[in-house]
Structures are given as C-alpha cells and as structure tokens.
Amino acid sequence: MKRTLVLLLAAASFPALADRYVVPKHAAFEEECASCHMAYPPQMLDAHSWQHLMNNLPKHFGTDASLDEKRRVAIADFLGKNAGGRKTGVTADAKGNPLIRITETERFVRKHRQIADAVWQRPAIKSKANCTACHTTAAEGNYSDDNVRIPR
Amino acid sequence: MRFPLLFSIALSLAASVAQAETPRDFLTRFEKEAGAAASAERGGRFFTSRHGSEWSCSSCHTERPTQGGRHAKTEKDIQPLAPAANAARFTDAAKVDKWFRRNCNDVANRVCTAQEKADVLAWLLAQK
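Everything quoted here is computed from the prediction, not taken from an experiment.

A. Structural detail: the state of the cysteines. Applying the stated rule across the entire model yields one disulfide over all chains. Each sulfur in the disulfide pair C104 of chain B and C112 of chain B lies 2.0 Å from the other. Disulfide C104 of chain B to C112 of chain B: torsion about the S-S bond roughly -105 degrees, handedness left-handed. Accessibility assignment for this pair places C104 of chain B and C112 of chain B in one class, buried. The cysteine C33 of chain A is free of any disulfide, with C36 of chain A supplying the nearest cysteine sulfur at 9.8 Å. With relative accessibility at 17%, the residue C33 of chain A sits in the buried group. Of all cysteine sulfurs in the structure, the one in C134 of chain A sits closest to C131 of chain A, which takes part in no disulfide; the separation is 9.2 Å. We classify C131 of chain A as buried; its relative accessible area is 12%.

B. Inspection of the pattern of salt bridges at higher detail. Within this structure, the stated rule accounts for 19 salt bridges over all chains. Residue D19 of chain A is joined to R107 of chain A by a salt bridge in which the shortest nitrogen-to-oxygen separation is 3.0 Å. Pair noted here: D19 of chain A is in the loop between helix 1 (2-13) and helix 2 (27-33) and R107 of chain A is in helix 5 (residues 106-111), with a separation of 88 residues, a long-range link. Each member of the pair, D19 of chain A as well as R107 of chain A, is classed as buried. One continuous salt-bridge network, built from bridges that share partners, spans E31, E32 and R71 of chain A together with K95, K98 and R102 of chain B.

C. A look at unusual backbone geometry. Despite not being glycine, K126 of chain A has its phi angle at roughly 65 degrees, a positive value. Summarising the element assignment, K126 of chain A is placed in the segment after helix 6 (117-120).

D. Structural detail: helix 3 (residues 47-54) of chain A. All names here are of chain A. Every buried residue belonging to helix 3 is among S49, W50, L53 and M54, and all of these are buried. Projected onto a plane normal to the axis of helix 3, the buried residues spread over an arc of 125 degrees and lie on a single side. On its buried side, helix 3 packs onto helix 4 (69-81). Put simply, D46 is the residue that caps the front of helix 3, since its side-chain oxygen is 3.2 Å from the backbone nitrogen of H48.

E. Structural context of helix 2 (residues 23-34) of chain B. Residues and elements named next belong to chain B. When the terminal C-alpha atoms of helix 2 are compared, their 16 Å separation across 12 residues agrees well with the 16 Å that a helix rising 1.5 Å per residue should span. For helix 2, the complete set of buried residues consists of P23, F26, L27 and F30. Seen along its axis, helix 2 keeps its buried residues to an arc of 100 degrees; they face one direction. Facing away from the buried side of helix 2 by over 90 degrees, the exposed positions are R24 and K32. Residues of helix 2 that are buried in the fold lie against helix 5 (93-108) and helix 6 (114-126). Phi turns positive, to about 75 degrees, at G35, one or two residues after helix 2.

F. Focus on the nonpolar core. Ranked by size, the top nonpolar core spans 28 residues in total, and within it M54, I75, L79 and Y143 of chain A carry the most contacts. When contributions to this core are tallied by element, the ones reaching two or more residues are helix 2, helix 3, helix 4 and helix 6 of chain A. Non-local contacts of Y143 of chain A, meaning those with residues more than four positions away in its chain, are made with D19, Y21, M38, P41, M44, C131, H135 and A138 of chain A. In this structure, F26, F46, L121 and A122 of chain B belong to the second largest nonpolar core, which totals 19 residues.

What counts and what doesn't
- In this numbering scheme, every chain counts its residues from 1 along its sequence in written order.
- To read the labels, note that chains go from A and ligands from 1, taken in the order they are written.
- Residue-level local features of this predicted model are given only where pLDDT is at least 70; pairs of side-chain atoms are given and counted only at 80 or more, and the full residue set underlies all totals for whole chains, interfaces and linings.
- Only heavy atoms go into the side-chain values, all of them from the structure, while hydrogens and water stay out.
- Throughout, disulfides are identified as pairs of cysteine sulfur atoms within 2.5 Å of each other.
- Relative accessibility under 20% of the residue-type maximum defines a buried residue, over 50% an exposed one, and the middle range a partly exposed one, all with a 1.4 Å probe and only protein chains included.
- Whenever Lys or Arg places a side-chain nitrogen within 4 Å of a carboxyl oxygen from Asp or Glu, that contact is recorded as a salt bridge.
- Helix numbers and strand numbers start at the N terminus; a helix is a DSSP run of H or I with at least 4 residues, a strand a run of E with at least 2.
- Arc, as used here, means the arc of the directions from the helix axis to the C-beta atoms.
- Residues count as neighbours in contact if any of their non-hydrogen atoms are within 4.5 Å of one another.
- Think of a polar contact as two N or O atoms within 3.5 Å of one another; within protein, one of them needs to be a possible hydrogen donor and the other a possible acceptor, and neighboring residues in sequence only count if both atoms come from side chains.
- In this scheme, a helix's expected span is set at 1.5 Å multiplied by one less than its residue total.
- Residues grouped as a nonpolar core are buried Ala, Val, Leu, Ile, Met, Phe, Trp, Tyr and Cys residues, joined through side-chain atoms within 4.5 Å.

See the structure below:
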C-alpha cells in the first residue's frame, strides 16, 4: 500500500516525463535530417516505418532528400535501433502499411485532438511538422505540456 | 623520429588546405565543365523563376539570398545562401553536389546543367 502511494506520488510529480525523448547523439542524423525540418525523435515512428521512409528518400514528402548510400545506411541503422517503443506502438495504417508521417500516428492524433484546424493554419504554425512553433523545447526532445505556447 | 612526424603533420595540413574549396573554385569548375563563361544575369533569372514545378529556388531562398529564407513546406529557417552573407556556403564539394542534385530535381524535375550552376553561382556571388 505504502509503495503504491509512493509510486503514485512519483508519477504525479513527473507528469511530463512521458513526453520527453532522449535522442542519442548522431552527427549524420542531426546534419542530414535537420537541414529541412527539425530532427524528429526516432522514437516517434516504429522501425518498419523508418525503414520504409529511408528507402524512399528521393521522393520524400514531395521533395528529393536523397543521400549518398553510406550515409543513408548509417542513418537508417541509427533510426532502426532507436525506433518506436511502448508509447509509440505500431505506426501503421488500418491495412498494416507503415505510416511515414508522424502526424498520422495514433499517438500524435490522440495528443492533438483538441487542436482545431484554424489553429494549425495560423501564420506562425502553418504546418503540423512545425513542432517548435508550439512546443518551445521540442528541439531538446521535450514535448511536455508545460512548455507548450500556442502562438496567436 | 621527430622529423617524420612533423613532416606527416605538414603533409596532412597541406592536404586539408587543398581540400578546402571556395565559391570561386566552384564557379571555375562549373564554367570549365560548361565550356563557357557564367552569366550572373541569366543566373538571377533562373533562380527567381519557375521551371515547371511548384517552387523556384527563391521560394525557399528568397529573391534576396543575402537574407535568410524559410522552407516553403516545413517553415524551417534557412541560412543565407549568398557567400557574402554566409561564409560556409559553397566550401564543401559533397554539400554543393548534394544540394544541386536535390534542389534541381525539386525545382526543374531534372539535374541542372553545368552552365546553369555556373550562372546561379555567379549571380549569388554578385549579391552583396
């Protein structure tokens, strides 16, 4: 009983812990993946999704993000090793095809269900890929609600 | 024993100096490949106009690339492309080749010719 209470208290005092991602240092991942957008934490997609994404870089969300093969393999390996996790679960659509948009994953949709379309369209946000527009500490992997400031 | 060590340090320094390239080196390289001189005026027109795709170079890099830009899709800040405003630009062959490959594909659905690269770089070098 006492132990349960302690655990409950501990969980209550760190509600934000679940929204933090520790991303191991990886120079090629940081340089290549963060040139056009922020480096999204590998944990946000499962290994199957990352594999699919890394096999299709010349057609990456409508742009050419091709890499030399050595770097592509190194980054794919890093993403695979750090992919997914309990919170993320399986990132696939209803047919089982791997999702490559983090914004379409079950967790993202659930966490943002209260954000209206008009909010996404605000000039300071514009894209669901623009995490840092609202998550002020996203660059450090911290997506805690405490650090969310939604621009007007 | 000390001499060979110093000698090898000197050699590796010389090698790294030889590898460091300047924007002018790239201009020379592209002009040589094209077999013709660059035209900054033509480069400016290429940079700011569309080539069959939704975006031009200036969609992200702006028409005044001494200033920073923003990615047309993700909104991420882009550092200035003109060497006068950003000394890191056009100093690394792997990066120069990578970005021309990707961005020409996005803007023109093909690789750019050496002449186009020379022209654009000449125009970027003229931006102060």
